[in-house]
2 protein chains.
Amino acid sequence: MGRAASRRSMRRLPPPALLALMYLTVIAMGTVLLSLPVAQEVPVSLLTAFFTSTSAVTVTGLVTVDPASTFTLFGEIVIAVLIQIGGLGLMTFAAFLLLTLGISIGMPQRVILSEELGSASLEGLMRLAKLILTVALVAEAAGTAILATEFVPDHGWAHGLWLSLFHTISAFNNAGFALFPDSLMGYNTHPVVSLSIAAMFILGGLGFVVLGDIAQARSWLRLSLHSKLMLVGTAFLLILGFVLIALLEWSNPLTLGGLSPADRLVAAFFQSATTRTAGFNSIDIGAMGNASTVLMMVLMFIGGGSTSTAGGIKVTTAIVLLLATRAFFRQRQEFAIFGRSLGLVEVMKVMALTTVSLGVVALSIFLIAIHWQGSMFDLTFEVVSAFGTVGLSRGATYDLTAPGQILICFVMFVGRVGPLTLGFFLAMAAQPRVAYPKGQIYLG
Amino acid sequence: MGRAASRRSMRRLPPPALLALMYLTVIAMGTVLLSLPVAQEVPVSLLTAFFTSTSAVTVTGLVTVDPASTFTLFGEIVIAVLIQIGGLGLMTFAAFLLLTLGISIGMPQRVILSEELGSASLEGLMRLAKLILTVALVAEAAGTAILATEFVPDHGWAHGLWLSLFHTISAFNNAGFALFPDSLMGYNTHPVVSLSIAAMFILGGLGFVVLGDIAQARSWLRLSLHSKLMLVGTAFLLILGFVLIALLEWSNPLTLGGLSPADRLVAAFFQSATTRTAGFNSIDIGAMGNASTVLMMVLMFIGGGSTSTAGGIKVTTAIVLLLATRAFFRQRQEFAIFGRSLGLVEVMKVMALTTVSLGVVALSIFLIAIHWQGSMFDLTFEVVSAFGTVGLSRGATYDLTAPGQILICFVMFVGRVGPLTLGFFLAMAAQPRVAYPKGQIYLG
Ligand SMILES: [K+]
Ligand SMILES: [K+]
């Protein structure tokens, strides 16, 4: 079978459908495994198994039960594997698929041989896979070793090493699952734990494209446009969140107020970083002030980087949204970032992605609200958290009825699979069939 | 002075700045007049006078005091004049300005002589002004006469006629100010009052462009693209809101539940229509369910028609947002509505308007939230209501601190002036100074 034939066979199912199908298959397998008695410390419903599996595969981290006390070691291993498949595995698969379709995913020329369709050779694919897996395994091995210095003294060798491995996998994949009932609140005075976990999920959230690019380019000027935007945008959002959360929560006795000034800074930084998709928390989210909570919703909606383990509409989408707005006010018909121009296709994609995202979030809030008696602010937070596959919670998820839980599963699924599949639409440009006369309408 | 010279003198100040300056001047004059002792039944602060004046000029209708018991007849007349200037007067002025700049505002060819810059003659301007004022005065005279049949028997000739005139001005301009402390809740079993008021604010919310177009074209096929979109979009939103509010509130004893089935239908229709910018209410907004409230926030954010007395991002903006999204998923680089194509300029404008609008709403909620102890859901509702110059309230406005009130004034001002001024930016297209090489970034 030649290259052309192999490409044709991968194209029989439309790529977005293929991707969605693979996620659904993994979620179903996880549901079955978590439903086995051997996985359960206490009996759980099929819905709980489904919710936990969906949350793990979509690397969200929202839970309706406490994982550590509900599932056995076998169940926890299942969750860790689901997280690794849902994060690393499917990202690698998505990168493969993009390459097979001849879509550049921004890797330097040394890794993919050419941006054109014909040359996405098996050789190029294997190199990419090796790079992604090498980056991930090195980072995860280092993370486990560092966390073990804290968890082994506290919990003994066996359990301590498992805790280190589990939280490393959860952190690098931005999953936010923790085996402590209060997430990482017990470690908010242990900077080694919170800073190394933060380092892992920030790395994972930049995306493999950026990590590979940095590994190959080694200088700012040689980085791709995408990598430059991601690094600048990530730094800006991290600092903005850090400064505002520190200012707003500094004297809140229920969050930062009870810590030493140095620990307050670490906790504010951790919360700023984790909100952008990781979903761990080292302070009580439900006790944070109204303004910090609004800020966190905006950060959760934006999320992390494309082709990463992060969710949300993505940092680059937010940047293009802002630049296109500025270009409009400056009466430009196209606009540039770092010396590269962006045109109608990017603007249309950003608009489509943002509109669909806002639509999914608003419609889900509306539907759950029909039978919701609790705080609408908390419900909104939970839906945005699910959409951004963040997993931070003000507690509303525990109060959801069965239809509400299923709807949140749908939001997590769309939040994870939706933005990814949009990338495939760029592959197949088509011309309009009929050219209409120009019309003018008034929008202001 | 020739035509060219007269055009040049109107252009010295940038049109958006000129428009904003005129609104600020009228607001300042209103604040001074409402601060006079002769305007006040009970003493009010300068801030209250400023808030009331801003709310009237921006035709919003949010209040921090009950207008009827706070202001004298003189004060009420001042409010009515501010509403008429802020609604009709400044819309006429904006239409003039657009014409002077040579921007077609969609009037049929018989009214404006040509769409090109040189031919926006004084003759054309006078015809337009005459048309707008004729439409408005005929509608307002008819409205006053119809309302008088209900208000005169209840309140005597003098007060009854004044109530009829005031509510007609408030309705046609979509201002939402009422001289009853419970808005129109006392008349929710009087279909003559609620349906005639609804007819007036729906007419006013379509926009003068559409009304003039209907008056001249008299057949669907000869209507402009803009008029067709507005009529279809308005009908769709009216019916959607009517059906959902009726379903969701049918058995709520605090809203529709206490009325007869026929009155429930009228009240549901009235609430659907008024949410899209008028701001009157015939049922208790604070008692409506969570889902209805979410729906109303979406409707308030969308608002009514361009060059109308309505607010929000506008119906046409929402339609282009949806069509551009659909076009993206169908891999089209341009898209068409009713046989007319729309391109990059419209997409950029829609994106700019939506981004700025969401930004203003989110930032205002964030800033007020810093010192807000009440319900965040109610606060969000109030900010969206102010942005859409709607004026519906769940009561949060009464609880605002002075900085919060000033911020809401700013939101009302931006909600009224912002979308209008965006129209001017389309006037002056400019080419990019440098052509950059094309760059690709990943947004999903
Ligand atoms: K997460
Ligand atoms: K209004």
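Residues numbered from 1 in each chain as written. Chains lettered and ligands numbered in written order. Predicted model: local features only at pLDDT ≥ 70, side-chain atom pairs only at ≥ 80, totals over all residues. Heavy atoms only, no water.

Per an unreviewed UniProt entry, chain A goes by the name Potassium uptake protein, TrkH family and belongs to Wenxinia marina DSM 24838.

Peer 1: So what's going on with the overall build of chain A? Which residues, and what values?
Peer 2: Helices and strands together make up the secondary structure of chain A, namely 16 helices and two strands. Within the span of chain A, comprising 444 residues, buried residues form 61% of the whole. Put simply, chain A shows about 16800 Å² of open surface, and 69% of that area lies on carbon and sulfur atoms. (Helix = DSSP H or I, 4+ residues; strand = E, 2+ residues; numbered from the N terminus. Buried < 20%, exposed > 50% of the residue type's maximum accessible area, 1.4 Å probe, protein only. Areas by Shrake-Rupley, 256 points an atom, 1.4 Å probe, with all protein chains shown as cover.)

Peer 1: So what's going on with the environment of P181 of chain A? Which residues, and what values?
Peer 2: All names here are of chain A. Counting through the fold element by element, P181 comes out in the loop between helix 7 (157-172) and helix 8 (191-206). By relative accessible area, which is 71% here, P181 ends up exposed. It is 5.9 Å that separates the C-alpha atoms of P181 and D66, two residues lying 115 residues apart in sequence.

Peer 1: Lay out helix 8 of chain A in plain terms, naming residues and giving numbers.
Peer 2: Residues and elements named next belong to chain A. Taking 1.5 Å per residue as the helical rise, helix 8 with its 16 residues ought to reach 22 Å, and the 22 Å between its terminal C-alpha atoms agrees with that figure. Those residues of helix 8 that fall on the buried side of the exposure criterion are V193, S194, S196, I197, A198, M200, F201, G204, G205 and L206. At the C-terminal side of helix 8, G207 shows a positive phi close to 100 degrees. (Expected span 1.5 Å × (residues − 1).)

Peer 1: I'd like a description of the coordination of the potassium ion (ligand 2), backed by residues and values.
Peer 2: All names here are of chain B. Within the protein, the atoms that donate to the potassium ion (ligand 2) are V59 (O), T60 (O), N174 (O), T277 (O), A278 (O), T389 (O) and V390 (O), at distances of 2.5 to 2.8 Å. Read N to C, the donor residues that coordinate the potassium ion (ligand 2) are spaced as V-T-x113-N-x102-T-A-x110-T-V. As far as burial versus exposure is concerned, V59 and T60 are alike and both buried. (Donors = N, O, S within 2.8 Å, 3.2 Å for Na, K, Ca; no water.)

Peer 1: Now, about the coordination of the potassium ion (ligand 1): what can you tell me, with residues and values included?
Peer 2: Residue and element names in this part refer to chain A. Those protein atoms acting as donors to the potassium ion (ligand 1) are V59 (O), T60 (O), N174 (O), T277 (O), A278 (O), T389 (O) and V390 (O), and they sit at 2.6 to 2.8 Å. Mapping the donors of the potassium ion (ligand 1) onto the primary sequence gives the spacing V-T-x113-N-x102-T-A-x110-T-V. Here the residue V59 occupies a position in the loop between helix 3 (46-57) and helix 4 (67-70), and N174 occupies one in the loop between helix 7 and helix 8, the gap between them amounting to 115 residues. For V59, a relative accessible area of 0% puts it in the buried group.

Peer 1: Hey, could you go over the nonpolar core for me, with residue numbers and the actual values?
Peer 2: Counting residues in hydrophobic clusters, the biggest one holds 110 residues, and the most contacted among them are M376 and I408 of chain A together with I368, M376 and I408 of chain B. Dropping the residues within four chain positions of it, I408 of chain B is found in contact with F51, L62, I368, V383, A386 and L400 of chain B. Listed in part, the 46 residues of the second largest apolar core include L34, V44, F180 and Y187 of chain A. (Core = buried A, V, L, I, M, F, W, Y, C linked by side-chain atoms within 4.5 Å. Contact = heavy atoms within 4.5 Å.)

Peer 1: I'd love a proper account of the confidence of the model for chain A, names of residues and values included.
Peer 2: Residue and element names in this part refer to chain A. This prediction gives chain A a mean pLDDT of 79; 77% of its residues lie at or above 70. When the elements of chain A are averaged for pLDDT, helix 1 (residues 3-10) gives the smallest value, 47, and helix 3 the largest, 95. Across residues 427-444 the pLDDT falls below 50, and counting only partners more than four positions away or on other chains, this stretch makes 57 contacts in the model. (pLDDT = per-residue confidence, 0-100.)

Peer 1: Outline the pattern of salt bridges, supporting the account with residue identities and numerical values.
Peer 2: Residue and element names in this part refer to chain B. One pass over the full model with this rule turns up two salt bridges over all chains. The closest approach of N and O atoms between D378 and R394, which form a salt bridge, is 2.7 Å. Here D378 is found in helix 15 (residues 376-387), whereas its partner R394 is found in the loop between helix 15 and helix 16 (402-425), with 16 residues between them in sequence. Comparing D378 with R394, the two get one shared label, buried. (Salt bridge = Lys/Arg side-chain N within 4 Å of Asp/Glu carboxyl O.)

Peer 1: So what about unusual backbone geometry? Which residues, and what values?
Peer 2: Residues and elements named next belong to chain B. Phi at T277 is positive, roughly 150 degrees, even though this residue is not glycine. If you trace the backbone, T277 turns up in the loop between helix 11 (261-275) and helix 12 (290-302). Residue classification places T277 among the buried positions, given a relative accessible area of 1%.

Peer 1: Give a detailed account of the side chain of N174 of chain B, specifying residues and quantitative values.
Peer 2: Residues and elements named next belong to chain B. Residue classification places N174 among the buried residues on the basis of a relative accessible area of 1%. Of the polar contacts made by the side chain of N174, one reaches the backbone oxygen of F201; its length is 3.0 Å. The contact partners of N174, leaving out residues within four places of it in the chain, are V59, F201, G204, G205, T277, A278, T309 and T389. (Polar contact = N/O pair within 3.5 Å; in protein donor to acceptor, adjacent residues only side chain to side chain.)

Peer 1: Give me the packing of helix 10 (residues 225-249) of chain A against helix 13 (residues 315-329) of chain A: which residues, what numbers.
Peer 2: Residues and elements named next belong to chain A. For the pair helix 10 and helix 13, interaxial distance at closest approach is 9 Å and the crossing angle is 90 degrees. It follows that helix 10 is roughly perpendicular to helix 13 by the angle criterion. Residue-level inspection shows H226, L229, M230, G233, T234 and L237 of helix 10 in contact with helix 13, the latter providing V315, T316 and I319. When grouped by side-chain class, the residues that make up the contact of helix 10 with helix 13 number five nonpolar, four polar and no charged. (Axes fitted to C-alpha atoms, helices over the stretch in contact; angles between N-to-C directions. Parallel < 35°, antiparallel > 145°, perpendicular 65-115°, else oblique. Nonpolar A, V, L, I, M, F, W, Y, C, P; charged D, E, K, R; others polar.)

Peer 1: Break down the packing of helix 10 of chain A against helix 12 (residues 290-302) of chain A for me, citing the residues and quoting the values.
Peer 2: All names here are of chain A. The interhelical angle for the contact between helix 10 and helix 12, taken along N-to-C directions, is 165 degrees, at an axis separation of 10 Å. Here helix 10 lies roughly antiparallel to helix 12, going by the angle between them. Here helix 10 runs over helix 12; the crossing is left-handed. Contacts between helix 10 and helix 12 pair L237, G241, L244, I245, L248 and E249 from the former with A291, S292, L295, L299 and I302 from the latter. (Left-handed = near helix turned anticlockwise from the far one by under 90°.)

Peer 1: Outline helix 3 of chain A, supporting the account with residue identities and numerical values.
Peer 2: Each α-helix winds once per 3.6 residues, and so residues spaced three or four apart point in a common direction. Residue and element names in this part refer to chain A. For helix 3, which comprises twelve residues, the first-to-last C-alpha distance of 16 Å matches the rise-based estimate of 16 Å (1.5 Å per residue) to within 8%. For helix 3, the buried fraction is high: nine of the twelve residues fall into the buried class. Where helix 3 is concerned, the buried positions are T48, A49, F51, T52, S53, T54, S55, A56 and V57. Of the residues flanking the end of helix 3, it is V59, one or two places downstream, whose phi is positive at about 45 degrees.

Peer 1: Run through the environment of T64 of chain B, naming residues and quoting values.
Peer 2: All names here are of chain B. Mapped onto the fold, T64 is located in the loop between helix 3 (46-57) and helix 4 (67-70). T64 sits in the buried class, given a relative accessible area of 14%. Sequence-wise, T64 and G395 are 331 residues apart; in three dimensions their C-alpha atoms are separated by 9.3 Å. Aside from chain neighbours lying at most four places away, what touches T64 is T48, F51, T397, Y398 and Q405.

Peer 1: Tell me what's going on with the environment of F71 of chain B, and back it up with residues and numbers.
Peer 2: Residue and element names in this part refer to chain B. Along the chain, F71 turns up in the loop between helix 4 and helix 5 (73-100). On the accessibility criterion, F71 (1% relative accessible area) is buried. Residues in contact with F71, not counting those within four places in the same chain, are L34, A39, Q40, E41, V44, T52, V65, E76 and I79.

Peer 1: Quick rundown of a nonpolar patch on the surface? Include the residues and the values.
Peer 2: On the surface, a nonpolar cluster with roughly 300 Å² of combined accessible area is contributed by L33, L36, V38 and F74 of chain A. Here F74 of chain A lies in helix 5 (residues 73-100). (Patch = residues over 30% accessible without salt bridge, like charges linked within 9 Å, V, L, I, M, F, W, Y side chains within 5 Å.)

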